[in-house]
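Chain by chain, the residues run as shown.
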Protein chains: 2
Amino acid sequence: MGSKYVYFFGGGETEGRAEMKNLLGGKGANLCEMDHLRIPVPPGFVITTDVCTYYYKNGKKFPSGLETEIRNAMQRCEKMMGTKFGDKSNPFLVSVRSGARASMPGMMETVLNLGLNPVTVEGIIAKTKNPRFGYDLYRRFIQMFSAVVMNIENEHFNRRMDKMKEERGVHLDTELNANDLKQLAEDYKAIYRQHIGENFPEDPWKQLHAAVGAVFESWNKKKARDYRKINNIPDWWGTAVNVCSMVYGNMGDDCATGVAFTRDPSTGDKRFFGEWLKNAQGEDVVAGIRTPQPINESSRNHGDTTLPTLEKEMPKCYAELERIYKRLELHYKDMQDIEFTIQNQKLWMLQTRNGKRTAPAAIRIAVDLVNENIIDRRTAVKRVDPDQLDQLLHPMFDDKEKKVKIAKGINASPGAAVGQAVFTAEDAVEWKAKGKKVILVRLETSPEDVAGMHAAEGILTARGGKTSHAAVVARGMGKCCVCGAGEVNVDEHGKKFTVQRADGQTVTVKQGDFISLDGSKGEVYEGKVLMKDSEILQVLKGQLKAQDSRIYQYYDQFMKWADGLRTLKVRTNADTPEDSRVARLFGAQGIGLCRTEHMFFETERIKHIRMMIVANTVEERKDALRSLINYQREDFIGIFREMAGLPVTIRLLDPPLHEFLPHEDSQIAELAKDLKIPADELKRKVVQLGESNPMLGHRGCRLGIVYPEITETQARAIFEAAAKLKKEGVEVLPEVMVPLVGTVEELSHQKNTINAIAELVMREQNVEFDYMVGTMIEVPRAALTAGEIAGEAEFFSFGTNDLTQMTFGYSRDDAGKFLPFYVDAKILPGDPFQSLDQTGVGALMKMAVAAGRTTRKGLKCGICGEHGGDPSSVKFCHTINLDYVSCSPYRVPIARLAAAQAAVESSGDSSAKKNSAQVSKKHAVQKNKVRSDAMPAKAKKPAAKKAAAKKPAAKKAVKKAAPKKAAAKKPAAKKAAPKKKVAAKKKK
Amino acid sequence: MGSKYVYFFGGGETEGRAEMKNLLGGKGANLCEMDHLRIPVPPGFVITTDVCTYYYKNGKKFPSGLETEIRNAMQRCEKMMGTKFGDKSNPFLVSVRSGARASMPGMMETVLNLGLNPVTVEGIIAKTKNPRFGYDLYRRFIQMFSAVVMNIENEHFNRRMDKMKEERGVHLDTELNANDLKQLAEDYKAIYRQHIGENFPEDPWKQLHAAVGAVFESWNKKKARDYRKINNIPDWWGTAVNVCSMVYGNMGDDCATGVAFTRDPSTGDKRFFGEWLKNAQGEDVVAGIRTPQPINESSRNHGDTTLPTLEKEMPKCYAELERIYKRLELHYKDMQDIEFTIQNQKLWMLQTRNGKRTAPAAIRIAVDLVNENIIDRRTAVKRVDPDQLDQLLHPMFDDKEKKVKIAKGINASPGAAVGQAVFTAEDAVEWKAKGKKVILVRLETSPEDVAGMHAAEGILTARGGKTSHAAVVARGMGKCCVCGAGEVNVDEHGKKFTVQRADGQTVTVKQGDFISLDGSKGEVYEGKVLMKDSEILQVLKGQLKAQDSRIYQYYDQFMKWADGLRTLKVRTNADTPEDSRVARLFGAQGIGLCRTEHMFFETERIKHIRMMIVANTVEERKDALRSLINYQREDFIGIFREMAGLPVTIRLLDPPLHEFLPHEDSQIAELAKDLKIPADELKRKVVQLGESNPMLGHRGCRLGIVYPEITETQARAIFEAAAKLKKEGVEVLPEVMVPLVGTVEELSHQKNTINAIAELVMREQNVEFDYMVGTMIEVPRAALTAGEIAGEAEFFSFGTNDLTQMTFGYSRDDAGKFLPFYVDAKILPGDPFQSLDQTGVGALMKMAVAAGRTTRKGLKCGICGEHGGDPSSVKFCHTINLDYVSCSPYRVPIARLAAAQAAVESSGDSSAKKNSAQVSKKHAVQKNKVRSDAMPAKAKKPAAKKAAAKKPAAKKAVKKAAPKKAAAKKPAAKKAAPKKKVAAKKKK
């Protein structure tokens with residue numbers, strides 16, 4: 001650790017900067033930066049995160065030398081503020097706040113007004129001539145210190161306060177007078193004594209040390225750990241501590257406090273947007289206890305026309321605030337979330353940070369900032385969290401559907417959500433674990449609710465505005481949220497809420513009842529409301545015009561930039577023509593995984609596959625397979641048509657055969673009747689096919705090797721489909737993928753079979769078509785012997801689901817018994833089935849890509865496990881030089897963006913300096929059109945697509961996205977581009 | 001391939017040598033070598049194995065140029081023999097035989113007397129003045145050529161022969177006269193025409209080419225492929241073809257043929273041992289059709305006192321044979337298996353090769369050859385196949401047991417076998433696959449039976465002598481064999497045999513009836529005869545004096561040499577004190593795997609473990625575990641005592657908990673009653689614990705992490721046992737092994753728990769003991785992240801059973817559905833659960849050892865999967881620098897020998913030249929005593945062992961074998977030798 005523990009800021013003399021976030025935490029670094037910019041911040045200092053690390057590594061002790069540095073910094077503050085810590089006439093008071101590298105809103109502790117004691121409180125009173133103010137601060141400080149530093153529960157103090165109000169016959173805290181508050185302070189100290197067994201500490205220095213320790217302690221409290229887990233923040237980062245001169249928004253009516261966003265965090269609109277309260281401390285705005293007022297006209301909530309704005313009430317301060325926010329946004333080149341306090345008409349900035357925002361806002365802000373010449377495209381692309389896109393792409397409520405609106409609140413975070421109402425965070429987590437979709441309904445949320453919010457589809461609160469905890473956290477999570485729906489009477493204990501409908505009827509929603517939330521409109525509906533395509537998909541499908549959708553326009557521009565930057569291709573996992581179509585509209589550049597087994601489960605088909613399974617002879621089996629071939633051929637024709645000009649990877653039959661058979665006696669009897677065989681015999685077959693560990697059993701290519709007729713049938717269906725379309729002039733690029741290969745011999749065996757069928761079909765149909773034969777790399781041994789396997793494989797596709805199962809030795813079906821425990825206990829950083837284990841599974845992948853390409857130069861490598869749609873896994877795939885990732889249709893844009901970010905990140909950081917240089921060349925940059933080959937012809941409608949194969953111009957566009965084709969004609973290039981033609985073979 | 005296809009031999013002009021075996025095959029190379037030594041061999045030539053490879057690679061065509069080389073070689077032969085191929089007055093006849101690199105007795109084809117046709121047969125008759133001889137050769141040749149080259153079944157010819165004998169009213173072939181045989185030859189040609197549709201080829205050159213092709217073809221026949229599979233002979237080796245001048249042992253009474261071993265292949269006794277027949281062709285001796293005669297007095301079988309010996313009948317030839325065999329043995333420095341023919345009193349050597357032998361013979365011959373100054377120890381150690389030792393170590397029949405002898409045959413291959421009688425090779429394979437132990441009973445065996453012999457525990461034949469097919473193959477396999485039990489009437493079709501017992505009663509043994517074979521005595525018993533310890537184990541246990549066991553003495557000497565050479569230690573897998581004792585007697589240097597779960601299955605204990613499993617709270621679970629601790633502690637005390645001074649690796653609970661619960665409803669009900677809980681509840685628990693893939697489920701350290709109290713209990717039992725023995729003065733070296741680790745965090749978690757308990761027990765018991773905490777490497781991810789894991793692990797032990805399952809993705813329980821098919825189809829070279837997959841699994845191991853030792857210098861690495869007892873896997877473990885292998889007690893000596901061979905092989909080949917140099921230093925070498933530290937104090941009796949801890953001298957010996965202990969006292973050395981003491985910890 002460095003030898004400097006404390007960084008001063010104030011009066012432009014700061015020792016820190018914004019880029020020192022790792023050391024100073026986000027809040028501290030930004031306070032320093034503001035000071036550097038000569039923006040007014042109350043003087044203070046930051047105790048570094050290194051001290052926190054030291055604290056935990058050394059039995060919760062502070063490093064020696066810290067004390068001196070703190071004292072020096074305190075002296076500088078005192079000098080600047082003209083006050084003195086512990087002084088009886090002009091006392092210096094401070095706030096002590098946490099501040100980690102990443103924002104963890106409300107997760108850690110804060111102590112305000114520190115430095116107060118019976119002596120200094122009199123100094124404050126003397127100075128402000130306001131005894132009520134002094135004693136109010138004092139009783140607040142005692143409670144806060146007791147709760148935060150000493151862990152005495154707040155309710156003890158609140159009860160005393162309630163009793164006092166009762167005694168005085170008043171309803172509001174503000175109605176208590178100075179003496180009442182003085183008495184309360186004394187009573188609070190008694191509560192402290194009672195719980196701790198000692199007197200409340202009067203020495204300001206002792207108070208300060210205790211508070212600093214408490215901030216460090218709060219780093220490890222459950223709610224903070226939960227938040228970090230959800231947000232992937234490492235435990236070892238630690239928090240910094242910000243000690244800051246107190247300024248007061250609650251010193252009188254020339255005082256105020258507020259929070260604001262430099263642009264609208266829900267929509268991204270370029271308007272200054274915030275809330276404030278007169279004569280209040282900052283926490284009052286965020287906590288949602290008092291209804292906050294708009295800072296300007298454009299910040300007004302729906303329905304409110306009367307609440308006075310800061311702009312009107314304190315025009316001078318507002319004007320300064322405006323100057324400052326503009327300066328900050330330009331300086332940070334991003335939308336800022338700011339906090340301020342006005343003390344006696346003087347504006348102090350308490351915080352600035354990059355504001356959390358919804359997906360549409362993120363996209364819009366990024367695009368606008370580029371257009372405003374503030375950032376370049378590379379930076380813009382990094383500004384949107386790929387996972388966030390999800391809310392833009394998924395279905396939304398259909399306006400035409402009948403909806404019974406039961407409440408309206410604030411549209412705090414957009415999206416649509418349908419689920420069963422639950423009323424505690426614990427219930428949300430528990431129900432979700434059982435596979436249920438829930439809406440978390442709370443009076444208001446607090447940091448304790450974060451895990452429950454994460455588990456919920458959406459969040460509904462009765463209290464709080466757009467900057468309330470619920471709103472901020474939900475936006476961060478990309479969850480739909482309606483907040484401040486005041487009509488909703490939430491009974492958290494009774495686990496229900498009641499609300500009066502427009503028609504006057506009172507509706508009661510109990511735990512488990514379905515409700516639907518529209519986060520974009522802030523509306524709540526009874527029951528399950530049906531969904532329709534997202535606006536973007538509607539445009540892509542041609543059901544809505546692009547010019548009528550602002551979201552689409554920004555999305556389209558943004559994604560074009562992303563596609564222009566990325567090198568990793570994105571394909572989709574799709575088993576049907578419908579999925580293929582949606583995926584292609586979302587920009588898929590082919591199919592990376594088409595699973596054939598799903599095609600067999602339809603009623604008519606499963607009968608044939610069952611006949612195939614129970615067959616006793618090769619002939620019986622072939623008969624059953626012959627019946628299946630027509631179905632299967634039609635499936636492939638549909639898919640190939642949708643993917644005209646793009647590669648389609650088809651995996652041969654993978655699951656163990658018993659998965660197709662029934663296991664209950666009654667079902668077996670029924671099936672036996674259908675198949676006209678004795679039930680006994682069928683039962684015996686079912687038992688015989690049963691496996692102890694089906695995951696490691698007779699499946700994948702092990703089926704095709706023991707029963708080659710299965711592979712033959714599937715290959716025939718694929719190639720007959722290819723032949724048919726080829727004759728129609730549609731370009732088909734089938735890639736036949738052999739699953740579960742562990743030895744090169746397995747692949748050779750299957751490849752020989754497939755090649756023989758291809759040759760046969762080409763002769764029968766008198767047509768030539770290109771195809772490839774490759775393999776899944778999903779068995780560890782395949783990765784370990786990838787060099788050998790690449791001798792046969794024309795492509796690799798990492799099946800990271802199975803590869804993860806086998807590399808860890810975890811059965812996905814069974815890991816539920818220990819995986820959650822493992823993640824909780826930090827034995828694993830996360831669920832390796834969600835985000836790729838880069839250390840173990842990733843090492844195998846890296847090894848395999850390298851060995852494979854040593855054997856076969858330019859070997860095409862992709863990933864088709866579910867990790868292909870996980871942004872951090874996509875980035876890993878970029879770093880190990882995969883050619884493509886493949887994911888579910890709705891995740892295709894997410895993967896495209898993640899791939900673009902990976903490209904930007906790996907080609908060097910576009911830091912602030914670089915940015916400005918690039919921005920000045922803006923016009924040149926913008927003239928570079930998005931490269932057409934990186935962008936598939938995605939917005940084409942089905943009709944247009946069919947035509948593509950015929951129109952030469954359109955065909956060319958399609959071709960660019962597809963693998964190059966000429967190779968098949970040049971024998972010399974054959975190894976690198978392993979396409980086959982019968983003609984080429986015959987030449988030998 | 002080389003440009004020379006044909007290598008000539010004869011008259012000392014040979015172009016080949018013994019070391020050209022790969023090119024010339026074993027037989028051919030040795031014929032050349034004998035010619036080089038001027039030992040009389042009939043002139044001939046070898047067509048190389050390269051030609052075979054060419055043949056298969058080029059659509060079964062011969063290379064151009066081969067024809068010319070053959071013609072040239074034929075000319076040289078003709079010149080030497082003074083005859084001419086196809087000549088009408090002095091025709092040259094040849095034999096055409098196969099000859100691969102490795103001996104494949106009887107597996108491939110031979111054609112004799114080639115060159116005969118209506119013209120040349122008259123030449124032979126004229127020359128020998130023996131028409132009967134001439135036509136006998138001719139009809140034999142026609143049949144052999146038809147059968148071997150043209151695949152016409154022999155029975156067509158045999159039926160014709162039987163009809164002829166009937167017509168002539170005779171019983172024996174020899175009673176037919178020249179005309180009869182001439183007629184037969186004509187009739188045989190008619191059979192040929194009938195089957196092939198052409199005339200029998202008269203052109204000798206055409207005959208020759210067809211015969212050469214037939215030999216190549218025979219390389220790929222099923223029986224040959226089966227033999228190669230069993231004996232791990234690669235398919236690509238191919239066979240050579242030996243074309244050799246015919247010499248005749250059947251030209252009259254001054255002719256003979258025979259086979260002999262230069263030492264006794266059953267016992268290793270140094271005596272010339274063989275069988276011969278007067279006036280016969282070589283095949284007659286081996287086929288067992290005529291009862292062969294002893295070549296000398298010492299070769300006489302039990303009971304025979306009258307058959308005339310070669311020594312008596314042809315003393316001159318015998319004397320020459322004696323000179324030759326001695327020369328050959330000295331030249332090849334090994335026991336030889338030779339074939340000879342005497343034609344008109346002239347001795348010709350037809351073959352020499354290293355003779356197959358039983359395990360006792362192999363050991364004895366190796367030791368004797370060292371003592372005779374012929375080979376050195378390094379060579380001797382390589383002369384015994386480690387797997388062969390099995391027959392020496394496994395239990396044998398107890399003489400004291402009641403046995404009902406039903407037959408006596410020839411003691412062809414020693415050992416004892418008990419099993420159910422089966423009568424076909426197919427049945428043997430099938431029954432074995434079902435887990436049954438079978439004895440294969442045949443009239444006589446043929447190469448088609450090899451797979452069945454492999455599947456059987458032992459082989460019983462009614463016909464054939466010690467050199468019959470059954471005897472030779474059984475010895476090669478180390479299988480017990482009784483052959484030539486003439487009293488046994490085998491009804492192969494009826495699947496039974498009858499035999500007259502000594503008491504006159506006729507016994508019928510049907511398929512499935514149990515019989516017992518004593519291969520050392522050649523006796524057959526009714527039913528299952530109980531076994532007792534092998535002679536060697538009896539000596540080791542002190543029940544038999546070493547001086548009374550010749551086998552033991554040789555074994556002991558041989559194993560001392562082996563131990564003196566090896567560097568790899570050998571431990572055992574043992575779960576009980578009994579197994580530990582046997583293993584230690586067999587030389588185990590500690591326990592590499594003590595599985596704790598087996599200890600829980602005893603009636604009293606399983607109840608407690610079940611209570612632990614169904615517990616609903618940690619407290620209930622702890623209660624149940626408390627009851628188990630006493631049992632478990634006693635188990636460990638027993639094992640530690642047996643292994644005093646040696647390390648004992650104890651694996652913590654590994655299997656999923658549901659393995660301990662019943663699954664049938666009735667059993668569940670019963671257990672519920674026992675446990676005093678509702679059956680419903682228990683049933684629910686059983687279902688809840690069930691897993692889709694238990695292999696990849698909640699087991700191994702995943703149990704100990706979710707239920708730390710399980711690990712705590714086991715650690716407590718281990719350490720309390722250690723503490724108790726330590727107090728008694730017994731040296732204990734527990735190594736606690738955490739199973740199924742996949743991430744370093746898992747190991748840290750368990751290690752912390754274990755260390756805490758160790759510290760606690762040391763304090764409670766006021767005693768210090770050494771221990772280590774390490775892990776199984778059995779999950780691929782553990783191998784991939786071994787560098788990290790070694791940061792915590794104090795040792796690695798490769799659990800190659802699971803590692804193989806996960807690396808291949810094969811469930812051992814289910815792989816039966818495809819593994820046999822895979823091995824048959826050569827998709828796998830063999831069962832990877834039997835012999836380690838060095839390419840895939842081995843690569844992971846190698847990686848892990850290297851990474852582990854980079855993190856922790858000198859990290860102790862071992863293997864405890866079943867591969868630890870497989871010789872080729874043991875050798876691999878040596879090459880990747882493991883410290884030890886661990887295997888089942890009875891395989892410990894096998895592993896010791898394999899380890900010694902690995903050491904010899906890796907330290908450079910002790911080739912012939914090197915050998916002689918070393919042999920000359922023999923006395924010096926012999927003075928080097930076997931290093932005491934490589935040889936554990938294994939022959940110690942339990943009493944002596946207990947004393948060991950007390951007697952300082954004995955203790956020292958024990959200590960050398962154990963890991964060094966001083967390290968724990970030197971803090972600086974702690975990382976390298978990570979022992980712990982509470983004292984050392986406290987110092988920190």
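Note that this is a predicted model, so its numbers are computed, not measured.

Colleague: Explain the side chain of Thr 445 of chain A here, please?
Modeller: Inspection of the secondary structure assignment puts Thr 445 of chain A in the loop between strand 17 (438-442) and helix 17 (450-455). In this structure Thr 445 of chain A touches Met 453, Ile 459, Thr 461, His 469 and Ala 470 of chain A, once residues within four positions along its chain are discounted.

Colleague: When you look at the pattern of salt bridges in this model, what are you seeing that I'm missing?
Modeller: Side chains that differ in charge, positive against negative, can pair when their charged atoms come close. Residue and element names in this part refer to chain B. Inspection of the entire model under this criterion finds 137 salt bridges over all chains. Lys 751 serves as the salt-bridge partner of Glu 792, at 3.5 Å between the closest nitrogen and oxygen. One end of the pair, Glu 792, is in the loop between helix 30 (786-789) and strand 31 (795-798); the other, Lys 751, is in helix 28 (residues 744-765), with 41 residues separating them in the sequence. Among the residues examined, Lys 751 registers a relative accessible area of 9% and is labelled buried.

Colleague: Is there a simple way to explain the interface of chain B and chain A in this structure?
Modeller: Frequently, the measure chosen for interface size is the accessible area removed from exposure when the parts meet. Listed by partner, the interface residues are 45 residues for chain B and 45 residues for chain A. Overall, the association of chain B and chain A removes approximately 4,000 Å² of surface from exposure, summing both partners, and the carbon and sulfur fraction of that is 61%. On inspection of chain B and its partner chain A, the count reaches two salt bridges. Our count for the chain B to chain A interface comes out at 24 residue pairs in polar contact (both at pLDDT 80 or more). Within the residue set of the side of chain B that touches chain A, elements represented by two or more residues are helix 25 (679-689), helix 26 (701-706), helix 28, helix 29 (780-784), helix 31 (800-808), helix 32 (819-824) and helix 33 (841-855) of chain B. Here the side of chain B that touches chain A is built from residues that sort into 20 nonpolar, 14 polar and 11 charged.

Colleague: In this structure, what is going on with the relation of the copies chain B and chain A? I would like to understand it.
Modeller: The two chain copies are related to each other by a rotation about an axis together with a translation along it. Once chain B has been moved 0.2 Å along the axis and rotated by 179°, it coincides with chain A to within an RMSD of 0.4 Å. Those values place the two copies in the arrangement expected of a two-fold rotation axis. In terms of C-alpha distance to the rotation axis, chain B has Asn 693 of chain B as its closest residue, with the C-alpha 2.1 Å off the axis. Here 100% of the interface residues in chain B have copies in chain A that are interface residues too; the copies meet face to matching face.

Colleague: Teacher, can you tell me more about the environment of Tyr 555 of chain A here?
Modeller: All names here are of chain A. Following the sequence through the fold, Tyr 555 ends up in helix 20 (residues 550-565). The exposure class of Tyr 555 is buried, given its relative accessible area of 1%. Spatially, the C-alpha atoms of Tyr 555 and Ala 359 are 9.8 Å apart, while their sequence positions differ by 196 residues. Residues within four places of Tyr 555 in sequence aside, it is in contact with Ile 363, Leu 392, Leu 393, Ile 536, Phe 586, Pro 893 and Arg 896.

Colleague: Is there a simple way to explain the pairing of strand 2 (residues 44-47) of chain B in this structure?
Modeller: Moving residue by residue along a regular strand, the side chains alternate between the two faces of the sheet. Residues and elements named next belong to chain B. Burial of strand 2 is two-sided: the residues Gly 44 and Val 46 facing one way and the residues Phe 45 and Ile 47 facing the other way are all buried. Here strand 1 (residues 6-9) runs beside strand 2; their pairing, made up of four bridges, is antiparallel. Looking across to strand 2, one finds that Phe 9 is bridged to Gly 44. Two elements, strand 2 and strand 7 (residues 239-245), share four bridges in a ladder whose sense is antiparallel. Looking at strand 7, one finds that Val 46 is bridged to Asn 242.

Procedures and definitions
- Residues numbered from 1 in each chain as written.
- Chains lettered and ligands numbered in written order.
- Predicted model: local features only at pLDDT ≥ 70, side-chain atom pairs only at ≥ 80, totals over all residues.
- Heavy atoms only, no water.
- Helix = DSSP H or I, 4+ residues; strand = E, 2+ residues; numbered from the N terminus.
- Contact = heavy atoms within 4.5 Å.
- Salt bridge = Lys/Arg side-chain N within 4 Å of Asp/Glu carboxyl O.
- Buried < 20%, exposed > 50% of the residue type's maximum accessible area, 1.4 Å probe, protein only.
- Buried area = accessible area lost by both parts, 1.4 Å probe.
- Polar contact = N/O pair within 3.5 Å; in protein donor to acceptor, adjacent residues only side chain to side chain.
- Nonpolar A, V, L, I, M, F, W, Y, C, P; charged D, E, K, R; others polar.
- Least-squares fit on C-alpha atoms with pLDDT ≥ 70 in both.
- Pairing = 2+ DSSP bridges.

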